[in-house]
Amino acid sequence: MLAYVLPSAGAQPELSDAPIPTPGPGEVLVRVLASSANPVDDMVASGFFREVQEYRYPAIIGRDLCGVIEEVGADVTKFAPGDTVWGFIKRDHVGNGTFAEYVTCDASRSIAHKPSQLSDIDAGSMGLSAVTALECLDALGLASGNTVLINGATGGVGSFAVQIAAARGLRVLATGRSAPAKKYLEELGAHEVIDWTAGSLADAVLTLSPEGVDGVVDLVRRDRSVIIGMDETPAKTAVAELMTAVLKPGGRFSTVNNSASDDLISRGVGFNIHSEPTPENLETLNALAERGQLRGCVTSVYPLARIDEAFAHQRQHGRGKTAVVIDDALWAATAESIDAA
Ligand SMILES: NC(=O)c1ccc[n+]([C@@H]2O[C@H](COP(=O)([O-])OP(=O)(O)OC[C@H]3O[C@@H](n4cnc5c(N)ncnc54)[C@H](OP(=O)(O)O)[C@@H]3O)[C@@H](O)[C@H]2O)c1
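Residues numbered from 1 in each chain as written. Predicted model: local features only at pLDDT ≥ 70, side-chain atom pairs only at ≥ 80, totals over all residues. Heavy atoms only, no water.

A. The site of the ligand, seen in detail. The full set close to the ligand counts 22 residues, and Thr-154, Gly-155, Arg-177, Ile-273 and His-317 are the nearest of them. One of the side-chain nitrogen or oxygen atoms of Arg-177 is found 2.7 Å away from an oxygen atom of the ligand. The protein chains hide 87% of the 930 Å² of surface that the ligand would expose on its own. Those elements that provide at least two residues to the shell around the ligand are helix H1 (39-45), helix H3 (127-138) and helix H4 (156-167). Of the residues contributing to the shell around the ligand, the split by class is 9 nonpolar, 11 polar and 2 charged. (Near = heavy atom within 4 Å. Polar contact = N/O pair within 3.5 Å; in protein donor to acceptor, adjacent residues only side chain to side chain. Areas by Shrake-Rupley, 256 points an atom, 1.4 Å probe, with all protein chains shown as cover. Helix = DSSP H or I, 4+ residues; strand = E, 2+ residues; numbered from the N terminus. Nonpolar A, V, L, I, M, F, W, Y, C, P; charged D, E, K, R; others polar.)

Below, the structure written as structure tokens:
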């Protein structure tokens, strides 16, 4: 099968031939239709994760997936060959990823059936981002009518966080730095959009919400090092200052880049989210999609053959998600619709 593979330590990832994996007990073999380029895949490809995870070379990278079950291993009852599924795969090592024509995964946690409301490409681009957005919001324990700030709202995680927050009846303040970003965020459900380049973010938040906000989901990557716990001080200081300025007494925040300090965590104010796929969070997202409250956020689509371009595009912080179509037939249909548009 064709796969995007890191051949050895220090080498660049490349498209190459790899063996089709075999599902073990509790696993399924999925024929992958679509995936997406996440910042973490980029960091994995650069070797950055060597500090925290074993790389099993030749290592196929990629986490998100939508695909069709090809084969089920022993003890799998929830899925059958032919089912279309979506989700994301988180392993304790780098390798066996989803930028491949086939992947095996744990059927009990990584995938759910795909709701008909989502296209294969949208579903293939949601897993990591949407689960992370859900976990960030769940940690805050907000109630309908509360106000939440989504900082870093136009990106992959932010696009889903805005939708989920709006679906929960929250008043959503979201950051975006251009007129098209503002329109995009309003269409997703943001009530107010703040241009984070126009001055003090805290001042802008307090102008819109003078008593402060009940919660903040902070998705901004301030410092490379915070991912692996080396020197987290500058990012933690910046986050603590922002939260002190904008949170109401009793308010909470969640971050995705280890930027909550130990002190704020121990006081129950801050949460460092490290998202995990579970049947519960995938089904919660399915229910939102089925009710029309969660849609895909794909703004760019590339075939597997051009995955390097997908990553180059993702790095520019384009809005929403950058999809990678793995399946040739799906790409042919997609390219035709892009040409026709
Ligand atoms: N811990 C976890 O489980 C987990 C899971 C998923 C993602 N993550 C991390 O979460 C972060 C976001 O992921 P993503 O997929 O959403 O990334 P993304 O698609 O690249 O989006 C990043 C967003 O941050 C915005 N941004 C950059 N600098 C900003 C600033 N100073 N103030 C406000 N907004 C700013 C960008 O807006 P512009 O386009 O305007 O620059 C963009 O909207 C990444 O660092 C990723 O590694 C962690």
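B. Highlighting the packing of helix H6 (residues 201-208) against helix H7 (residues 233-246). One way to put it is that H6 packs onto H7 with a least axis distance of 9 Å and a crossing angle of 20°. Classified by the interaxial angle, the pair formed by H6 and H7 is roughly parallel. Here H6 and H7 pass one another in a crossing that is right-handed. Residues Leu-201, Ala-202, Val-205 and Leu-206 of H6 pack against Leu-242, Ala-245 and Val-246 of H7. Its residues assigned to classes, the contact of H6 with H7 comprises 7 nonpolar, no polar and no charged. (Axes fitted to C-alpha atoms, helices over the stretch in contact; angles between N-to-C directions. Parallel < 35°, antiparallel > 145°, perpendicular 65-115°, else oblique. Left-handed = near helix turned anticlockwise from the far one by under 90°. Contact = heavy atoms within 4.5 Å.)

C. Structural view of the sheet that holds strand E13 (residues 192-194). Spatial strand order, E13-E12-E11-E14-E15-E16: 6 strands in an open sheet with parallel pairing. Unpaired on one side and paired on the other, E13 and strand E16 (270-272) mark the two borders of the sheet. Adjacent strand axes in the sheet meet at a mean angle of 15° when their direction is disregarded. In this structure, strand E14 (residues 213-218) lies alongside strand E15 (residues 247-255), joined through 5 bridges in parallel fashion. Residue pairing in the sheet places Val-216 in a bridge with Phe-253 of E15. Docked against the sheet, H7 engages strand E11 (147-151), E14 and E15, running at close to 145° with respect to E15. (Pairing = 2+ DSSP bridges.)

D. Focus on the environment of His-313. The residue His-313 is located in helix H10 (residues 307-315) in this model. Sequence separation between His-313 and Ala-37 is 276 residues; the distance between their C-alpha atoms is 9.1 Å. Contacts of His-313, omitting those with residues within four sequence positions, involve Ser-300, Tyr-302, Gly-318 and Thr-322. A polar contact of 2.7 Å, which involves the side chain of His-313, links it to the side chain of Ser-300.

E. Molecular detail of the side chain of His-93. Within the secondary structure, His-93 sits in strand E8 (residues 93-94). His-93 sits in the buried class, given a relative accessible area of 9%. Separated by 3.4 Å, the side chains of His-93 and Arg-56 make a polar contact. Contact partners of His-93, with chain neighbours within four places excluded, come to Gln-53, Glu-54 and Arg-56. (Buried < 20%, exposed > 50% of the residue type's maximum accessible area, 1.4 Å probe, protein only.)

F. Looking closely at the packing of aromatic side chains. One pass over the structure, following the stated rule, counts 4 aromatic pairs. The rings of Tyr-4, Phe-99 and Phe-311 are connected pair by pair, giving a single aromatic cluster. In this arrangement the basic side chain of Arg-50 is found over the ring face of Tyr-55, its NZ or CZ atom lying 5.9 Å from the centre. Here the guanidinium or amino end of Arg-319 rests over the ring plane of Tyr-184, the centre of that ring lying 6.0 Å away. (Phe/Tyr/Trp six-rings, centres within 6.5 Å; stacked < 30°, edge-to-face > 60°. Lys NZ or Arg CZ within 6 Å of the ring centre and 35° of its normal.)

G. Here's a closer look at H4. Compared with an ideal rise of 1.5 Å per residue, which puts 12 residues at 16 Å, H4 spans 17 Å between its outermost C-alpha atoms and is within 8% of the ideal. Buried residues dominate H4, accounting for 9 of its 12 residues. When we look at burial in H4, the residues that qualify are Gly-156, Gly-158, Ser-159, Phe-160, Ala-161, Val-162, Gln-163, Ile-164 and Ala-165. Those residues of H4 hidden inside the fold are in contact with H3, E11, strand E12 (171-175), helix H5 (179-188), helix H9 (279-290) and strand E18 (321-325). Gly-169 sits one or two positions beyond H4 and adopts a positive phi of about 80°. (Expected span 1.5 Å × (residues − 1).)

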